[in-house]
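This is what each chain is made of:
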Amino acid sequence: GCSRIGFWQAERSVMRLHDERERSQKESRYAKVALAAAQQSRQPKPPDVSVTLSLRDALSLCAESSASGAAKILCSLDPAAVPLRNVLTSPTEVSSAIVVIGPEGDISPSEEAVLLKEGFTPTSLGPSVLRSELAAVTVKVAAPAPAACVLTPVWVMLPPAVTSNVPVPKLE
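Each value, and the rule that gives it
Residues numbered from 1 in each chain as written. Predicted model: local features only at pLDDT ≥ 70, side-chain atom pairs only at ≥ 80, totals over all residues. Heavy atoms only, no water. Pairing = 2+ DSSP bridges. Helix = DSSP H or I, 4+ residues; strand = E, 2+ residues; numbered from the N terminus. Core = buried A, V, L, I, M, F, W, Y, C linked by side-chain atoms within 4.5 Å. Buried < 20%, exposed > 50% of the residue type's maximum accessible area, 1.4 Å probe, protein only. Contact = heavy atoms within 4.5 Å. Patch = residues over 30% accessible without salt bridge, like charges linked within 9 Å, V, L, I, M, F, W, Y side chains within 5 Å. Areas by Shrake-Rupley, 256 points an atom, 1.4 Å probe, with all protein chains shown as cover. Salt bridge = Lys/Arg side-chain N within 4 Å of Asp/Glu carboxyl O.

Trainee: Even after reading the chapter, I still don't get the pairing of strand β6 (residues 121-124), so can you show me in this structure?
Mentor: Looking along a regular strand, one sees the side chains alternate between the two faces of the sheet. Bridge count for strand β3 (residues 71-75) against β6 is 3 bridges, and the pairing is parallel. Residue I73 lies in a different strand from β6, and its bridge partner there is T121. Taken together, the 2 bridges between strand β4 (residues 82-83) and β6 define a ladder with parallel strand orientation. Pairing of V82 across the sheet is with T123, part of β6.

Here is the structure:
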C-alpha cells in the first residue's frame, strides 16, 4: 500500500501550475480521486495527497518516513542504476520506502543532485522507458514493503492504495 502521494512540479513537467489557486485545485481533485479509489477498493482510508511546486517541498512531506529509515528509491533511466529487485529484497530488510518517479523525460540533473544528496538510490525498473503511471504500478507490484511516500510530478495520478493493518470486511 501507500500512505502518502506527493506530486511536485518537476523542471521538465510540460504543464505548469501558475499560482496557489491552481495548486490547491489540483490537490483537491487528486484527494477526491484517492478517496474514491480507496472506497472502491474497500480500503479503510485513502493516502494523504499533497501537491507542491518544488521537489524540496515534496521531500519535506516525507521527512518523518525518511527519519525512520525508509529505503529511498529514485526511479532512474541511468543505465548504471541499481535494479529494483536489488534494492527492495525482502520485507524484513525494508519495512517502508520513499519512491521518487520523475516525468517521462526523467528528472533534471539539478533534481537528481538534490535527491542523491538526500540519500536516494538511483534504481532501474528495467530496460524500457515507462510512463510515470506505469512506473508507479511497477514499483508497487515489485516491492515487498509498503511505500511510505510516493513522489511524482504533479501531472501524473497514481492508483492510490493504503498501508493499513486494519482488515477489510468482506461483502456477503
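Trainee: Can you help me understand the nonpolar core in this one?
Mentor: In a soluble, globular protein the nonpolar side chains are often hidden away together inside. Counting residues in hydrophobic clusters, the biggest one holds 14 residues, and the most contacted among them are W8, L55, L59, L74, V100, L115 and F120. For this core, the secondary structure elements donating two or more residues are α2 (55-61), β5 (97-100) and α5 (109-117). Leaving out residues up to four positions away in the same chain, L55 has contacts with W8, E111, V114 and L115. Counting 12 residues, the second-largest nonpolar core is a separate cluster that includes A97, I101, A135 and V139.

Trainee: How should I be thinking about a nonpolar patch on the surface in this particular structure?
Mentor: Residues L134, V137 and V141 make up a contiguous nonpolar surface patch of roughly 270 Å² in combined accessible area. For V141, the location among the structural elements is in helix α6 (residues 132-142). For V141, a relative accessible area of 68% translates into the label exposed.

Trainee: Looking at this structure, how should I read the pattern of salt bridges?
Mentor: Opposite charge on two side chains makes pairing possible when the charged atoms of those side chains draw close. If you walk through the whole model with that rule in mind, you get 5 salt bridges. In this structure, R23 and E27 form a salt bridge, with 3.1 Å as the shortest nitrogen-oxygen distance. Of the two residues, R23 and E27 are both situated in helix α1 (residues 20-40); the distance of 4 residues between them amounts to about one turn of the helix. Overall, the relative accessible area of 14% leaves R23 in the buried class. A relative accessible area of 23% means that E27 is categorised as partly exposed. Put simply, R4, K45 and D48 are held in one network by salt bridges that share partners.

Trainee: Looking at this model, I keep getting lost on the environment of D48. Mind explaining?
Mentor: Mapped onto the secondary structure, D48 falls in strand β2 (residues 48-52). Given a relative accessible area of 36%, D48 falls into the partly exposed group. D48 sits 45 residues away from S3 along the chain, and the two C-alpha atoms are 6.3 Å apart. The contacts of D48, once residues within four sequence positions are left out, are S3, R4 and I5.

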